Amino acid sequence: MLFLMKRVLFCKVEQIYSFTTLGKVRSVSTVKREGCFQKPSTPVAKMENIFTQIPELKRSHIHIRDIKQVEQKIKDLSQGNHEKLQVITDFDYTLTKSHLNGTRCTTCHGVIENYSRLPASFREKQKQMFEKFYPIEIDPHLTVEEKLPHMLEWYDEGHELMLQCDLVKQDFALMVQENPTEFREGTSALLSDLNQQNIPVLVFSAGVGDVIDEALKISGLMKDNVKVISNYMEFDENDKLIRFSSQLIHMFNKNESAVRNASYFQELSHRNNVILMGDSLGDLQMAHGVEPPSTVLKIGFLNDKIEERLEKYKDGYDIVLVNDQTMDLPHAVIKMILSSA
Ligand code: C5P
Ligand code: MG
């Protein structure tokens, strides 16, 4: 009897966190209801503590598989001092919004695509590629191995097209001025707090580093505690674009890229408390270079194909934010950690 009552309680708890703010309420909560018998949640008594400390966690679009583990991680991160903490974040659709008023926002590749100096034919081809390859990238029914050749084709063709455009270094600042990146609400406040507390922030992106640098600069976010690891372009003595740097970072090899950038992680080897933020399952690998033993609190933004991907996101990320275009929750967690550290 006690067992049955507990089960009912578990399901209720799961259901509270099942509702989305979109019109997908029914199917998402169904997925979670089915899931709750397979993977029970944490007893309510345990939850009250963390929910009191971070009330933002109660919001209905926030999904957590294992609240006990989240509570423990936040406790561990809070017990470490400021010197132990670092933040690792993806760029496209993580620091930036994925949607704005129902319209898809651009990625950093999209910023180049929309640049007025480039011909309409370039824009059209890039757009066609996004429409072809992005659905493959987020397809919940394909494995990474099945997606990979398509993703490589996307990068190859995209880079090839850019190389034909006679771009020069100075174009990147201009194109970002024309198409300012839509950072999530609260990104500036979050990065400003991290800067004040000297917490290193790694922006780890499979996008275009030259665009990211300019986007951060123009928004006043490129501070001395921020480092970008991404795909950078190479220019000749006349500042003409000649090639991309040889080691491609794509959405599914961030673990290898972390190894290639071992010096960054070695310098921060004492900082093994990590807040990781991403929007792709590939982003879960971004903390690969962090020295063990580490505590990595993973916060995931689930922006597309929500019902189909929610369970996998809950498996990988400690906290999943469904269709959230703000930094409210990560900021609340970080504020809590910094205030108690
Ligand atoms: O910053 P982040 O790692 O998310 O940047 C990678 C994203 O850039 C991919 O998830 C993909 O959606 C997008 N992309 C693109 N055009 C390309 C290659 C990747 O928009 N040619
Ligand atoms: Mg991304």
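Read on for an overview of the structure. (Residues numbered from 1 in each chain as written. Chains lettered and ligands numbered in written order. Predicted model: local features only at pLDDT ≥ 70, side-chain atom pairs only at ≥ 80, totals over all residues.)

## Structural notes on the overall build of the chain
- The secondary structure content of the chain amounts to 14 helices and 11 strands.
- When burial is assessed residue by residue, the chain has 38% of its 341 residues classed as buried.
- Looking at the chain alone, contacts between residues at least 24 apart form 68% of all its contacts between residues at least 6 apart. (Helix = DSSP H or I, 4+ residues; strand = E, 2+ residues; numbered from the N terminus. Buried ≥ 20, exposed ≤ 12 C-beta atoms within 10 Å, placed from the backbone. Contact = placed C-beta atoms within 7 Å.)

## Re the packing of helix 9 (residues 187-196) against helix 14 (residues 328-340)
- Contact geometry for helix 9 and helix 14: axes closest at 10 Å, N-to-C directions at 20°. The orientation of helix 9 relative to helix 14 falls into the category roughly parallel. Viewed along their axes, helix 9 and helix 14 form a crossing whose handedness is left-handed. From helix 9, A189, L190 and D193 reach across to helix 14, where they touch P330, H331, I334 and K335.
- In terms of residue class, the contact of helix 9 with helix 14 is built from four nonpolar, one polar and two charged. (Axes fitted to C-alpha atoms, helices over the stretch in contact; angles between N-to-C directions. Parallel < 35°, antiparallel > 145°, perpendicular 65-115°, else oblique. Left-handed = near helix turned anticlockwise from the far one by under 90°. Nonpolar A, V, L, I, M, F, W, Y, C, P; charged D, E, K, R; others polar.)

## With respect to the site of ligand 1
- Around ligand 1 there are 18 residues in total, and F91, D92, H109, G158 and S205 lie nearest to it.
- Of all the secondary structure elements, the ones that give two or more residues to the shell around ligand 1 are helix 5 (108-113), helix 6 (120-137), helix 7 (144-163) and strand 5 (201-208). (Near = placed C-beta within 6 Å.)

## A short note on the environment of V322
- Note on placement: V322 falls in strand 11 (residues 319-322).
- Sequence spacing of V322 and G300 is 22 residues, and the spatial spacing of their C-alpha atoms is 8.6 Å.

## What about helix 8 (residues 170-178)?
- Of the residues making up helix 8, those classed as buried are F172, M175 and V176. One face of helix 8 carries all of its buried residues, which in axial projection span an arc of 100°. For helix 8, exposure combined with an orientation more than 90 degrees from the buried face picks out Q170, Q177 and E178.
- Here the buried face of helix 8 lies against helix 5 and helix 10 (209-218). (Arc of directions from axis to C-beta.)

## Thoughts on the sheet that holds strand 11
- A sheet is described by the order of its strands in space; here seven strands give the open sequence 1-11-10-9-2-5-6, paired in mixed fashion. Only two strands of the sheet have a single partner each, and these edge strands are strand 1 (62-63) and strand 6 (226-231).
- With five bridges connecting them, strand 5 and strand 6 associate as parallel partners. Paired with V203 across the two strands is V228, which belongs to strand 6.
- Running at roughly 125° to strand 10 (residues 295-302), helix 4 (residues 67-79) makes contact with strand 2 (85-89), strand 9 (273-278), strand 10 and strand 11 of the sheet.
- Across the face of the sheet, helix 14 comes into contact with strand 1, strand 2, strand 9, strand 10 and strand 11 while running at roughly 175° to strand 9. (Pairing = 2+ DSSP bridges.)

## Points about the packing of helix 6 against helix 7
- Between helix 6 and helix 7, the shortest axis-to-axis distance is 10 Å and the interhelical angle comes to 165°. One finds that helix 6 runs roughly antiparallel with respect to helix 7. The hand of the helix 6/helix 7 crossing is left-handed. On helix 7, the residues that touch F122, K125, Q126, M129, F133, I136 and E137 of helix 6 are K147, H150, M151, W154, E157, G158 and L161.
- In terms of residue class, the contact of helix 6 with helix 7 is made up of seven nonpolar, three polar and four charged.

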